[in-house]
Amino acid sequence: MEKKWWHSAVIYQIYPRSFMDADNDGIGDLAGVIGKLDYLATLGIDVIWLSPVFRSPMDDNGYDISDYHDIAPEFGTLAEMDRLIAEAARRGIRIVMDLVVNHTSDEHPWFVEARKSKDNLYRDYYIWRAPRADGSPPDRQRASFGGSAWEFDPATGEYYYHLFSKRQPDLNWENPQVQEEVHRMMNWWLDRGIGGFRMDVIDLIGKEVDRGITTEGPRLHPLLQQMHAATFGHRDVLTVGETWSATPETAKLYSDPARKELSMVFQFEHVTLGHHPEHGKWQQRAFDLLELKRVITKWQTALADTGWNALFWNNHDLPRAVSKYGDPGRYRVESAKMLATALHCLKGTPYIYQGEEIGMTNVRFDAIEEYRDIETLNLYRERTAAGVPHESMMEGIFANGRDNARTPMQWHAGENAGFSTGTPWIQVNPNHREINVAAALDDPNSILHHYRALIRLRKERPVVVYGRYLPHLEDHPQVFAYERRLGEERIVVINNFSGQTVELELPAELRHRAGECLVSNYAPVRRLGERLSLHPFESFALALAA
Ligand code: TEU
C-alpha cells in the first residue's frame, strides 16, 4: 500500500457555531477557532474538519450555502479564514472544509435565478418537475427533514426537488455546468491552501430522480472520478465522503487509490444498528455489543488490503459517544477512555468530534422549544401530528437528536462554560461545571490526556497505522478484543463494554503473554495469565514482547 500522510493523521471535527465565540454574539466564530489552535496542538491532532462556515441563511446551520466564495458574517471574514489556514499550518495542522454540493440554499443566486422562469439560464442547475394532473407532487418521495421531497413554486407552476429542507434545493448533477461550477469553486479553495474536503452526502449526487434512485446512482463514481481529475487528484490532500448508504463493497469503490476517487468515506452501519426498523433514530434499540463487534470486524476485514476506513463514534449529527456507547453516569470517565482506546487502536483514520475528548454527554432540554435543530423540530411536529406521543418523541430526541452534539463546547466551569459572554444560540449543558477542558488539562488521569496518549501512539507505532486487524473473543457479549499485527509487532486491545466486572478465559495464543502496557483506564496491564478479570469498562492496549 502506498503510504499517505492521512493514514497516520488524527482529525478533529469543529462545529464552529458551538466551538468558541470570540465576539460574544452567542455564536461561535473563526476567531474563536484561531484562539483555540494552541489547545488543539496540545491535543496532538493533525487536521481540523471545519463544518461549513460559508455565507448561509442558517436554515440548517450552514449546510444550506448561499455563497461558496464568502464566509458567513456570524462566523467572520475571508481574511479570518485565510488567517486560520495560516495559523493552523504554523502548528502543523491542516484545515479540511465541508463541501456541501448535493444542494444549495434557496438563497443561492443560482436558485434565485432558476426560479424566475422555466427558460432561465440557471433553471437546469436544479431539478424541476410539472405537477400531476390534480396538482399534486410528481411522486411520493419524502424529504429527510419531513414532508414531501417536492416543493411547489408558484412563480413557474412547477415543483423543485429537495432531499433535506425545502430551503435546500438539490443541484442537478446531470448538468455539466453544475459540475464545472463546483470544480471551479473547489480549486478556488484548494488554491487558498486548504488540506482537503469532507463531502456532505456525496453518495446522493448520482441520483436519478425519475427512476427513484437517490443514493449511489450509476453516475456517482464517474462523477467522483471526474471531480478527482479536475480538482484534488493532483494535490496531496485528504477527501472523506459522507456516504450513509455505503457498504464494505462500495467503500472499496470510493477509497481504492487505483480508482482515483476519495481517500476514505464515513459509513454509518455501526450508527444505524441502534435505529428502529420502522421509527429509525427516533426509537433507540437496545445496545448489542455482538452486533457492534460484527460490524467493526466486517469493515476492518473488508478494507484490510483495498481502501481505507474512517473511524468515528460521533459527529455534529450524532449523539455523544459516551452517552450512546458508554456510561454518561457513574463510569463516564472509564467508559469514555475505553471507547477512545477501542476506536483509536483500529486500522483507519480516527476522527474526534469537539468535546468527545473531555467526555461531553447528551443533553435533556425540558421543552421542545429549547431545541434548535431543523431536523428535530420538523420531525417533532410531523410525528406528534401523526400520533406519536410527545413523551415518546422526546425520548427519541434525548437519545438521537442532533442538538446533543451541538451544545456549546465546555471550556471551563464558569459562565456559559467559557464559550461566550453573550447569550449562547443554544443552552450550555449544565454539567459543564464538572466536564470542561480546564479541569481535564489539570487532571493527569483525564479523558483528554488519554486521547493525547492514543494520538501519540499512532505517531510512534506503525503497527497502529498499518497492522493487520484480527478479532478475538468474537462471541463474548461484553468484551471487544482484537489484535493488530505488523511483522513481529503485536498489540492486543481488550475492552469491557459493560458496567459489570467480567471474568473471562483468554484464547490460547494470548495466554501467559507479557509486554509493555501502552494505554489503560485502570492500573496498567503488563502480563496475561490464562484468565482475565476486567473492571467495569476496563480497557487496555498491550504490546506483546516477541
Ligand atoms: O447529513 C446527512 C444526513 O443524512 C443526516 O442529516 C442524517 O440524515 C441525520 O443526521 C440522521 O440523524 C449531512 C450533514 O452532516 C447534516 O448536518 C446536514 O443537515 C445534511 O447533510 C444536509 O446537508
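> Could you clarify how one ought to interpret the overall build of the protein chain in this entry?
The helix and strand tally for the protein chain stands at 16 helices and 20 strands. Over its C-alpha trace the protein chain gives a radius of gyration of 23 Å, about what one expects of a compact globule, namely 24 Å for 546 residues. Dimensions along the principal axes, computed over C-alpha positions, put the protein chain at roughly 75 × 50 × 50 Å. The buried share of the protein chain, taken over its 546 residues, is 61%. Across the protein chain, every contact between residues at least 6 apart in sequence was considered, and the portion connecting residues at least 24 apart equals 69%. Taken as a whole, the protein chain presents about 20500 Å² of accessible surface, with 50% of it coming from carbon and sulfur. Separation of charge centres in the protein chain, based on 61 positive and 77 negative side chains, amounts to 4 Å.

> I'm lost on the packing of aromatic side chains in this one. Help?
Ring pairs (aromatic) are described by centroid distance and by the angle formed between their planes. One pass over the full model with this rule turns up 33 aromatic pairs. Between Tyr12 and Phe19, the aromatic rings sit 6.2 Å apart at their centres with planes inclined by 75 degrees, giving edge-to-face as the arrangement. Since its relative accessible area comes to 0%, Tyr12 is described here as buried. Among the aromatic residues, those joined into a cluster by ring pairs are Phe54, Tyr68, Trp110, Tyr122, Tyr125, Trp188 and Trp189. Over the aromatic face of Trp128 sits the side chain of Arg123, whose NZ or CZ is 3.6 Å from the ring centroid.

> Looking at this structure, I do not really get unusual backbone geometry. What am I missing?
The phi angle of most residues is negative, glycine excepted, and most peptide bonds adopt the trans form. We note that Lys260 has phi near 50 degrees; this positive angle belongs to a residue other than glycine. As for its position among the elements, Lys260 is in the loop between helix H7 (248–255) and strand E11 (264–266). You will see that Leu473, though not glycine, has its phi angle at about 50 degrees, which is positive. The topology assignment puts Leu473 in the loop between strand E14 (468–472) and strand E15 (479–486).

> Can you help me understand the site of the ligand in this one?
Neighbouring the ligand are 17 residues; Asp60, Asp200, Lys281, Asp317 and Arg402 lie closest to it. One nitrogen or oxygen atom from the side chain of Glu242 is found 3.2 Å from an oxygen atom belonging to the ligand. Here an oxygen atom of the ligand and a side-chain polar atom of Asp317 are 2.4 Å apart. Burial of the ligand by the protein amounts to 93% of the accessible area it has alone, namely 480 Å². Residue classes in the shell around the ligand are distributed as 5 nonpolar, 3 polar and 9 charged.

> Hey, could you run me through the sheet that holds strand E10 (residues 238–242) in this one?
Paired through their backbone hydrogen bonds, the strands of a sheet run either parallel or antiparallel. Taken in spatial order, the 8 strands of this open sheet run E11-E10-E9-E5-E2-E1-E13-E12, and their pairing is parallel. Every interior strand has two partners, whereas the edge strands, E11 and strand E12 (310–311), have only one. Packing of helix H3 (residues 78–90) onto the sheet brings it into contact with strand E2 (47–50) and strand E5 (94–99), and relative to E5 it is tilted by some 140 degrees. Across the sheet, helix H5 (residues 176–191) is in contact with E5 and strand E9 (196–199); its angle to E9 comes to roughly 135 degrees.

> Please explain the nonpolar core as it appears in this structure.
In this structure, Tyr12, Leu40, Ile45, Met81, Trp189, Trp313 and Tyr351 are the most contacted members of the largest nonpolar core, which totals 153 residues. Broken down by element, this core gets its largest block of residues, 7 residues, from helix H15 (residues 447–460). Every residue in contact with Ile45, bar those within four places of it in the chain, is listed here: Val10, Tyr12, Leu40, Ile93, Ile352 and Ile455. With 15 residues, the next largest nonpolar core counts Ala481, Leu510, Val525 and Phe540 among its residues.

> Please explain the side chain of Glu375 as it appears in this structure.
Within the secondary structure, Glu375 sits in helix H12 (residues 374–385). Residue Glu375 is classed as buried on the basis of its relative accessible area of 11%. A polar contact of 2.5 Å, which involves the side chain of Glu375, links it to the side chain of Lys281. Among all residues touching Glu375, those that are not within four sequence positions of it are Phe145, Lys281, Trp282 and Arg402.

> When you look at the pairing of E10 in this model, what are you seeing that I'm missing?
Every other side chain in a regular strand lies on the same face of the sheet, so the side chains alternate between the two faces. Counting buried positions along E10 yields 5 of 5 residues, so the element is predominantly enclosed. Burial along E10 is two-sided: Leu238, Val240 and Glu242 facing one way and Thr239 and Gly241 facing the other are all buried. Across 4 bridges, the pairing between E9 and E10 is parallel. Considered in E10, the bridge of Arg198 is made with Val240.

> Teacher, can you tell me more about the domain arrangement of the protein chain here?
Accessible area lost during the coming together of the parts is what is often quoted as the interface size. Assigned domains within the protein chain: domain 1 (7–102 + 176–450), domain 2 (109–161) and domain 3 (467–544). Each of domain 2 and domain 3 has a C-alpha centre, and these two points are 56 Å apart.

> Can you help me understand the environment of Tyr12 in this one?
With respect to the helices, strands and loops of the structure, Tyr12 is situated in strand E1 (residues 11–14). For Tyr12, the side chain forms a polar contact with the side chain of Glu357, separated by 2.7 Å.

> Where do I start with the pattern of salt bridges in this structure?
Opposite charge on two side chains lets them pair, provided their charged atoms get close. Applying the stated criterion across every chain yields a total of 41 salt bridges. The salt bridge partner of Arg485 is Glu483, with a shortest N-O separation of 2.6 Å. Members of the salt-bridge network, linked through shared partners, are Asp60, Lys281, Asp317, Asp373, Glu375, Arg402 and Arg406.

> Where do I start with helix H9 (residues 289–302) in this structure?
Counting along an α-helix, one turn takes 3.6 residues, and residues three or four places apart therefore face a common direction. In this model, H9 (14 residues) spans 20 Å end to end at C-alpha, consistent with the 20 Å of a helix rising 1.5 Å per residue. Within H9, 10 of the 14 residues are buried, which leaves it mostly tucked inside the rest of the structure. Residues of H9 that are buried: Leu289, Glu291, Leu292, Lys293, Val295, Ile296, Thr297, Trp299, Gln300 and Ala302. Buried residues along H9 sit in contact with H7, helix H8 (269–272), E12, E14 and E15. Where H9 begins, the side chain of Asp288 points an oxygen toward the backbone nitrogen of Leu290, at a separation of 2.8 Å.

> Explain the packing of H5 against helix H6 (residues 220–230) to me, please; I cannot follow it from the model alone.
Two packed helices can be described by the angle between their axes and the distance between those axes. Interhelical geometry of H5 versus H6 gives an angle of 40 degrees and a closest axis separation of 10 Å. When the interaxial angle is binned, H5 and H6 end up oblique. For the crossing formed where H5 meets H6, the hand is right-handed. The residues of H6 that touch H5, namely those facing Gln179, His183, Met186 and Asn187, are Leu223, Gln226, Met227 and Ala230. Within the contact of H5 with H6, the residues separate by chemical class into 4 nonpolar, 4 polar and no charged.

> Which parts of the structure should I look at to understand the environment of Ser420?
You can see Ser420 is positioned in the loop between helix H13 (390–400) and helix H14 (437–442). As for Ser420 and Asp21, which are separated by 399 residues in sequence, their C-alpha atoms are 5.2 Å apart. Setting aside residues up to four positions removed in sequence, Ser420 forms contacts with Asp21, Asn24, Gly26 and Glu415. Here Gly422 takes part through its backbone nitrogen, which lies 2.7 Å from a polar atom of the side chain of Ser420.

What counts as what
Residues numbered from 1 in each chain as written. Predicted model: local features only at pLDDT ≥ 70, side-chain atom pairs only at ≥ 80, totals over all residues. Heavy atoms only, no water. Helix = DSSP H or I, 4+ residues; strand = E, 2+ residues; numbered from the N terminus. Rg over C-alpha atoms; globule rule 2.2 N^0.38 Å. Buried < 20%, exposed > 50% of the residue type's maximum accessible area, 1.4 Å probe, protein only. Contact = heavy atoms within 4.5 Å. Areas by Shrake-Rupley, 256 points an atom, 1.4 Å probe, with all protein chains shown as cover. Lys, Arg positive; Asp, Glu negative; His and termini not counted. Charge placed at Lys NZ, Arg CZ, Asp CG, Glu CD. Phe/Tyr/Trp six-rings, centres within 6.5 Å; stacked < 30°, edge-to-face > 60°. Lys NZ or Arg CZ within 6 Å of the ring centre and 35° of its normal. Near = heavy atom within 4 Å. Polar contact = N/O pair within 3.5 Å; in protein donor to acceptor, adjacent residues only side chain to side chain. Nonpolar A, V, L, I, M, F, W, Y, C, P; charged D, E, K, R; others polar. Pairing = 2+ DSSP bridges. Axes fitted to C-alpha atoms, helices over the stretch in contact; angles between N-to-C directions. Core = buried A, V, L, I, M, F, W, Y, C linked by side-chain atoms within 4.5 Å. Domains from an automatic or database assignment. Salt bridge = Lys/Arg side-chain N within 4 Å of Asp/Glu carboxyl O. Expected span 1.5 Å × (residues − 1). Parallel < 35°, antiparallel > 145°, perpendicular 65-115°, else oblique. Left-handed = near helix turned anticlockwise from the far one by under 90°.

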